[in-house]
Amino acid sequence: MSRVGMRGRTLRAYGIAVVFLATAVLVGAMAGAADLNPLATAAALLDRVPLVHLPSGLSPLDRAVLFQIRLPRVVLAALVGGLLSLAGAGYQGVFRNPLVDSSLLGASAGAGLGATVAIVCLGGAAPEAVPVAAFVGSLAGVAVAYLAGAAGGPGTATLLLAGLAVSMFLTAVQTYVLQRSAQDIQQVYSWLLGSLSAATWHQTLEILPYAAVGIVIVLLHGRHLDVLSVGDEESRSLGMHPARIRLAVVAACALAAASAVAVSGLIGFVGIIVPHAVRRLAGTSYRLVLPLSLLFGAGFLVLADTLARTVVAPAELPIGVVTALIGSPAFIWILRTTRTVRT
């Protein structure tokens, strides 16, 4: 493909991503028990953009619903979806394996154990302690997996196997803790299935610094992941240090994933399905895959959360159920079409 053709494909991909995210935010802001006018909602949102002043016509009650209830949840869903997708794409670049995400490197299992211990052991303090415990547990799980993999020798395969072993161990410990406190099982499983029902602006601001650090580091390593994709020996011949790059990206992805699961619980398939879809749209270069995964993942989870809170209203589905119902058939379709193209 010519340079002009590649530039056109890149611009088209970014345009689709921005439109998709903006549409998802607008749908998420409008959907709910209170019926908000679409044009008025869009005007109220644009009115918050610097240097833009648009009268919306929303009543004070509707504005409170939009900016104090719905928008915090939409923004948090976008942030969580973007972080999970970016972390998944980063892990896939490190391991050169499109089936890898944070669940295979101890992040999800560590977060699950941390949240379970907080719920079972801290009682009334659990609502405030669960996000912190999940965040610390997620980072600890990845750290143990990385150290175990490094001790086992160089190579991504060793690190991935160490991550699987650590995940299985942490899950076993979590099961033991649950068996010792059966009365907390429902609360723990509600967290494990993922939810954004308690989203607030405060939660978003709490994880924003960690999320920002993770996002910036991963995005800055897009070119390095492209070079790593050809192999460690070739990377060294170009003056790079594969082990250092791998450590930096794994640490940044762990920070991003830990920030997400701390406020949302465990949400599957986002880190696998979104980067796959992005590669089909924009190609395999991680300089494009990473930022586009961030944008598409944000929009995807906003729409998934909108379904979770509206499809069985006034009740809510766990968001992890929605992402699995959407992600499973989509993933099978992608694998099928990819195989067809290659053959």
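The structure presented is a predicted model; accordingly, all values stated were derived computationally and were not measured.

Quick word on the packing of helix H3 (residues 60–95) against helix H8 (residues 201–220)
- Two elements in contact, H3 and H8, have axes whose closest approach is 10 Å; the angle formed by their N-to-C orientations is 25 degrees. Overall, the two elements H3 and H8 adopt an arrangement that is roughly parallel. Here the hand of the crossing between H3 and H8 comes out left-handed. Residue-level inspection shows Phe-67, Gln-68, Leu-71, Pro-72, Val-75, Leu-76, Leu-79, Leu-83 and Leu-86 of H3 in contact with H8, the latter providing Trp-201, Gln-203, Thr-204, Ile-207, Leu-208, Ala-211, Ile-215, Val-218 and Leu-219.
- When grouped by side-chain class, the residues that make up the contact of H3 with H8 number 15 nonpolar, three polar and no charged.

Overview of the side chain of Gln-174
- Relative to the elements of secondary structure, Gln-174 occurs in helix H6 (residues 156–180).
- Looking at Gln-174, the relative accessible area reads 9%, which means it is buried.
- Looking at Gln-174, its side chain comes within polar contact range of the side chain of Thr-116, at 3.0 Å.
- Not counting residues up to four positions away in its chain, the partners in contact with Gln-174 are Gly-112, Leu-113, Thr-116, Val-188 and Leu-192.

Describing the nonpolar core
- Formed by 82 residues in total, the largest nonpolar core has its most connected members in Val-80, Tyr-91, Phe-95, Trp-191 and Leu-292.
- If you tally residues by element for this core, the top one is H3, at 14 residues.
- For Val-80, the residues in contact, after removing those within four places along its chain, are Leu-196, Ala-260, Val-263, Ser-264, Ile-267 and Leu-301.
- Core analysis: the second largest hydrophobic core is formed by nine residues, Ala-29, Ala-44, Phe-67 and Leu-71 among them.

Some details on the environment of Leu-161
- Topologically, Leu-161 is positioned in helix H6.
- Among the residues examined, Leu-161 registers a relative accessible area of 58% and is labelled exposed.
- Sequence separation of Leu-161 and Gly-149 is twelve residues, and the distance between their C-alpha atoms is 7.5 Å.

Topic: the side chain of Arg-70
- Its place among the elements puts Arg-70 in helix H3.
- Polar contacts involving the side chain of Arg-70 include one to the main-chain carbonyl oxygen of Ala-31, which spans 3.4 Å.
- Beyond its immediate chain neighbours, meaning those up to four positions away, Arg-70 contacts Gly-28, Ala-29, Met-30, Ala-31, Gly-32, Ala-33, Ala-34, Leu-36 and Val-65.

Re the pattern of salt bridges
- Inspection of the entire model under this criterion finds five salt bridges.
- Residues Glu-316 and Arg-73 are paired through a salt bridge, measuring 2.9 Å at the closest nitrogen-oxygen approach. One end of the pair, Glu-316, is in the loop between helix H13 (286–310) and helix H14 (319–342); the other, Arg-73, is in helix H3, with 243 residues separating them in the sequence.
- Taking the relative accessible area as the measure of exposure, Arg-73 reaches 9% and is therefore buried.
- In this structure, Asp-226 and Arg-287 form a salt bridge, with 3.4 Å as the shortest nitrogen-oxygen distance. Note that Asp-226 is positioned in helix H9 (residues 222–228) and Arg-287 in helix H13, a separation of 61 residues in sequence.
- With relative accessibility at 16%, the residue Asp-226 sits in the buried group.
- It is possible to trace a salt-bridge network through shared partners that takes in Arg-73, Asp-305, Arg-309 and Glu-316.

Brief notes about the environment of Val-177
- The residue Val-177 is located in helix H6 in this model.
- Residues Val-177 and Val-120, 57 residues apart in the sequence, show an inter-C-alpha distance of 7.8 Å.
- Those residues in contact with Val-177 that sit more than four places away from it in its chain are Thr-116 and Val-120.

Quick word on the packing of helix H4 (residues 107–122) against helix H7 (residues 185–192)
- Remark: H4 packs on H7, axes separated minimally by 10 Å, with the N-to-C direction vectors making an angle of 150 degrees. As H4 packs across H7, the resulting crossing turns out to be right-handed. From H4, Ala-111, Gly-112, Ala-115, Thr-116 and Ile-119 reach across to H7, where they touch Gln-187, Val-188, Trp-191 and Leu-192.
- When the residues that make up the contact of H4 with H7 are grouped by side-chain class, the tally is six nonpolar, three polar and no charged.

Concerning the layout of surface pockets
- Considered as a void within the structure, the largest pocket measures approximately 570 Å³ in volume.
- Lining the largest pocket are 24 residues, with Val-130, Trp-191, Ala-198, Gln-203 and Val-263 positioned closest to its centre.
- Only helix H5 (126–151), H7, H8 and helix H11 (242–264) provide two or more residues apiece to the lining of the largest pocket.
- The leading source of residues in the lining of the largest pocket is H5, at five residues.
- Of the residues that constitute the lining of the largest pocket, the class distribution is 13 nonpolar, nine polar and two charged.

The rules behind each value
Residues take numbers from 1 onward in each chain, read along the sequence in its written order. Restriction of local features to residues with pLDDT of at least 70 applies here, the model being predicted, together with a cutoff of 80 or more for giving and counting side-chain atom pairs; totals for whole chains, interfaces and linings are based on all residues. Side-chain metrics in this entry use all non-hydrogen atoms of the structure; hydrogen atoms and water are not considered. Axes here refer to lines fitted to C-alpha atoms; in helices the fit is confined to the stretch in contact. Angles between the N-to-C directions go from 0 to 180 degrees. Helix and strand labels come from DSSP, where a helix needs a run of H or I of at least four residues and a strand needs a run of E of at least two; each type is numbered from the N terminus. When an angle is under 35 degrees it counts as roughly parallel; over 145 it counts as roughly antiparallel; between 65 and 115 it counts as roughly perpendicular; any other value is oblique. Less than a right angle of anticlockwise turn of the near helix away from the far helix marks a crossing as left-handed, whereas a clockwise turn marks it as right-handed. Two residues qualify as a contact provided that any one of their heavy atoms is within 4.5 Å of a heavy atom in the partner residue. As a working rule, the residues Ala, Val, Leu, Ile, Met, Phe, Trp, Tyr, Cys and Pro are called nonpolar, Asp, Glu, Lys and Arg charged, and the rest polar, with Gly in that last group. We call a residue buried when its accessible area falls under 20% of the maximum for its residue type, exposed when it is over 50%, and partly exposed in between, using a 1.4 Å probe and counting protein chains only. Under this definition, polar contacts are N or O atom pairs within 3.5 Å; protein pairs additionally need one hydrogen-donor-capable and one acceptor-capable atom, and for neighbouring residues in sequence, both atoms have to be side-chain atoms. To define a nonpolar core, start from buried Ala, Val, Leu, Ile, Met, Phe, Trp, Tyr and Cys residues and group those joined through side-chain atoms within 4.5 Å. Salt bridge, as used here, is a side-chain nitrogen of Lys or Arg placed within 4 Å of a carboxyl oxygen of Asp or Glu. Lining residues are defined by having an atom within 4 Å of a point belonging to a cavity or pocket. Those points lie on a 1 Å grid over the protein atoms alone, cavities being sets where a 1.4 Å probe fits but cannot get out and pockets being open sets with protein on both sides within 12 Å along at least five of seven lines. Grid points are joined across faces, edges and corners, and a volume is the space filled by probe spheres set on the points.

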